[in-house]
Amino acid sequence: MFQSIGQIQATQTAILKEVTDIKTDLTKRVDRLESRVETVESHVTNNRVKIASIGGGAGLVVAIAAEVLKLGGGA
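Described below are features of the structure shown in this document. Since the model is a prediction, treat every value here as computed from it, not as a measurement.

### As for the overall build of the protein chain
Along its length, the protein chain carries 2 helices and 0 strands. Every one of the 75 residues in the protein chain was classed for burial, and the buried ones make up 5%. Summed over all atoms, the accessible surface of the protein chain reaches about 6,400 Å², with 65% contributed by carbon and sulfur.

So, in structure tokens, the structure goes:
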């Protein structure tokens, strides 16, 4: 009976470690994705500023279109 209890505890410990490892991996992946999104947003913002400085009306239209795409809009 004590051997069975020990095996159950060992199995539970292994499962808990595996779940912890999965959580750590997912957290790292989410952090990398957030970093990539921030980089893309920064590039979009920089491009909007460049385009807006080139021409008034056309730059405004492009800036609005970029904002819509950034917010997930589109067809």
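Here the narrative resumes.
### Re a negative patch on the surface
On the surface, a cluster of negative charge is contributed by Asp-31, Glu-34, Glu-38 and Glu-41. Among the structural elements, Glu-41 can be located in helix α1 (residues 2-54).

### Brief notes about a nonpolar patch on the surface
Taken together, the side chains of Met-1, Phe-2 and Ile-5 make up a nonpolar region of the molecular surface, amounting to roughly 410 Å² of accessible area. Counting through the fold element by element, Met-1 comes out in the segment before α1.

### Quick word on the environment of Ala-66
In this fold, Ala-66 is placed in helix α2 (residues 56-70). Spatially, the C-alpha atom of Ala-66 lies 7.3 Å from that of Arg-48, the residues being 18 residues apart in sequence. Not counting residues up to four positions away in its chain, the partners in contact with Ala-66 are Val-44 and Arg-48.

Reading guide: rules and limits
- Residues numbered from 1 in each chain as written.
- Predicted model: local features only at pLDDT ≥ 70, side-chain atom pairs only at ≥ 80, totals over all residues.
- Heavy atoms only, no water.
- Helix = DSSP H or I, 4+ residues; strand = E, 2+ residues; numbered from the N terminus.
- Buried < 20%, exposed > 50% of the residue type's maximum accessible area, 1.4 Å probe, protein only.
- Areas by Shrake-Rupley, 256 points an atom, 1.4 Å probe, with all protein chains shown as cover.
- Patch = residues over 30% accessible without salt bridge, like charges linked within 9 Å, V, L, I, M, F, W, Y side chains within 5 Å.
- Salt bridge = Lys/Arg side-chain N within 4 Å of Asp/Glu carboxyl O.
- Lys, Arg positive; Asp, Glu negative; His and termini not counted.
- Charge placed at Lys NZ, Arg CZ, Asp CG, Glu CD.
- Contact = heavy atoms within 4.5 Å.

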